[in-house]
Amino acid sequence: MIHVVLCDDHAVLRRGIRDTIIESPDIEVTGEAGSYPELREVLRHARCDVLLLDLQLPGRSGLEVLATLKDTDPQIRVLIVSMYPEDQYALRAIRAGAQGYANKAGDPLQLIEAIHTVMQGRKYLTPQVAQLLADSLSQPVSEAPHEQLSERELQTLVKIASGRRLSDIAEELMLSPKTVSVYRARVLQKLQLSNNAELTVYAIRNQLV
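As the structure is a computational prediction, the values presented were derived from the model and not from experiment. (Residues numbered from 1 in each chain as written. Predicted model: local features only at pLDDT ≥ 70, side-chain atom pairs only at ≥ 80, totals over all residues. Heavy atoms only, no water.)

## Observations regarding unusual backbone geometry
Argument step 1. In this structure, Gln-192 takes a positive phi of about 55° despite not being glycine.
Argument step 2. Mapped onto the fold, Gln-192 is located in the loop between helix H9 (177-191) and helix H10 (196-205).
Argument step 3. What makes Gln-192 exposed here is its relative accessible area of 71%. (Helix = DSSP H or I, 4+ residues; strand = E, 2+ residues; numbered from the N terminus. Buried < 20%, exposed > 50% of the residue type's maximum accessible area, 1.4 Å probe, protein only.)

Shown next, in the form of structure tokens:
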């Protein structure tokens, strides 16, 4: 039996994922969480072989959670499940230590395949991600400016480009508005932009939103 924990702050999406993967007779969902603190509590008492982890969580991004789990629970295999485009986030997740990346908008049955794949100790890569990885290894490419952003800075960029106010972003990320303003300033500096409108245009052109 494969023991799976779901970590996604959208309860409806969690329910949909759960209903899909439990169709496989050898998969059992042993816990669910909507944030990192909830996940820590779940992992204290629930068996977990594979963690399905969303990229965007309140207070701490999925990649930040992934980095922490590598130290605290290295035996857990992490499969990133996100709505974000594979060409922008999949390689970032794999390089950060995830065993795979699956898009929530893809074929639901692929999640079952992905869970079985990572449980066998292999990486789960869609054909598109495998091609991206091969391309990145075979031919050096110039790094896009946003690749130099930290996870929190990238979160801030995406949320601003999605129309969120700084106060809303601060609440969603469980940070102070002043801290979010600092992240915004860093993003503007690193991308050599001047305002939110330019941030939005940049994000759209680079398919970040």
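## Notes on the packing of helix H7 (residues 151-161) against H10
The description of two packed helices rests on the angle between their axes and on the distance between the axes.
Argument step 1. Where H7 contacts H10, the two axes come as close as 8 Å, and the packing angle between them is 100°. Taken together, the axis directions place H7 and H10 in an arrangement best described as roughly perpendicular. Facing Leu-157, Ile-160 and Ala-161 of H7, the residues of H10 in contact are Asn-196, Leu-199, Thr-200, Tyr-202 and Ala-203.
Argument step 2. For the contact of H7 with H10, the class distribution of residues is six nonpolar, two polar and no charged. (Axes fitted to C-alpha atoms, helices over the stretch in contact; angles between N-to-C directions. Parallel < 35°, antiparallel > 145°, perpendicular 65-115°, else oblique. Contact = heavy atoms within 4.5 Å. Nonpolar A, V, L, I, M, F, W, Y, C, P; charged D, E, K, R; others polar.)

## Considerations on the pattern of salt bridges
Argument step 1. Taken as a whole, this structure holds 11 salt bridges when the rule is applied.
Argument step 2. A salt bridge links Arg-92 to Glu-147, with the shortest nitrogen-to-oxygen separation between them at 3.8 Å. Taken together, the positions of Arg-92 in helix H4 (residues 86-95) and Glu-147 in the loop between helix H6 (127-138) and H7 put the pair 55 residues apart, joining distant regions of the chain.
Argument step 3. Among the salt bridges present, the one from Arg-165 reaches Asp-168, with a minimum N-O distance of 3.1 Å.
Argument step 4. Residue Arg-165 is classed as exposed on the basis of its relative accessible area of 56%.
Argument step 5. Residues joined in a network through salt bridges with shared partners are Arg-14, Arg-18, Asp-19 and Glu-32. (Salt bridge = Lys/Arg side-chain N within 4 Å of Asp/Glu carboxyl O.)

## Some remarks on the packing of helix H2 (residues 36-45) against helix H3 (residues 62-72)
Argument step 1. Contact geometry for H2 and H3: axes closest at 12 Å, N-to-C directions at 25°. Comparing their axes, H3 and H2 come out roughly parallel. Crossing of H2 over H3 shows right-handed handedness. Residues Tyr-36, Leu-39, Arg-40 and Leu-43 of H2 pack against Val-65, Thr-68, Leu-69 and Thr-72 of H3.
Argument step 2. Here the residues of the contact of H2 with H3 are counted per class, giving five nonpolar, two polar and one charged. (Left-handed = near helix turned anticlockwise from the far one by under 90°.)

## Details of the pairing of strand E1 (residues 2-7)
Argument step 1. When you tally the buried positions in E1, you get six out of six residues, the bulk of the element.
Argument step 2. Judged by which residues are buried, E1 turns out to be covered on both faces: Ile-2, Val-4 and Leu-6 on one side and His-3, Val-5 and Cys-7 on the other are all buried.
Argument step 3. With six bridges connecting them, E1 and strand E2 (residues 27-33) associate as parallel partners. Bridge pairing in E2 links Val-4 to Val-29.
Argument step 4. The parallel pair E1 and E2, bridged by helix H1 (residues 11-21), forms a crossover whose chirality is right-handed. (Pairing = 2+ DSSP bridges. Right-handed = clockwise from strand over helix to strand, strands pointing away.)

## Observations regarding the sheet that holds strand E5 (residues 100-103)
Argument step 1. Spatially, E2-E1-E3-E4-E5 is the arrangement adopted by the five strands of the open sheet, whose pairing is parallel. Two strands bound the open sheet, and with one partner strand each, they are E2 and E5. Taking each pair of neighbouring strands and ignoring which way they run, the sheet shows an average axis angle of 25°.
Argument step 2. Where strand E4 (residues 77-82) lies against E5, four bridges are found, and the strand directions are parallel. Paired with Leu-79 across the bridge in E5 is Gly-100.
Argument step 3. Along the sheet, H2 contacts E1, E2 and strand E3 (50-53); its crossing angle with E2, the most-contacted strand, is approximately 135°.

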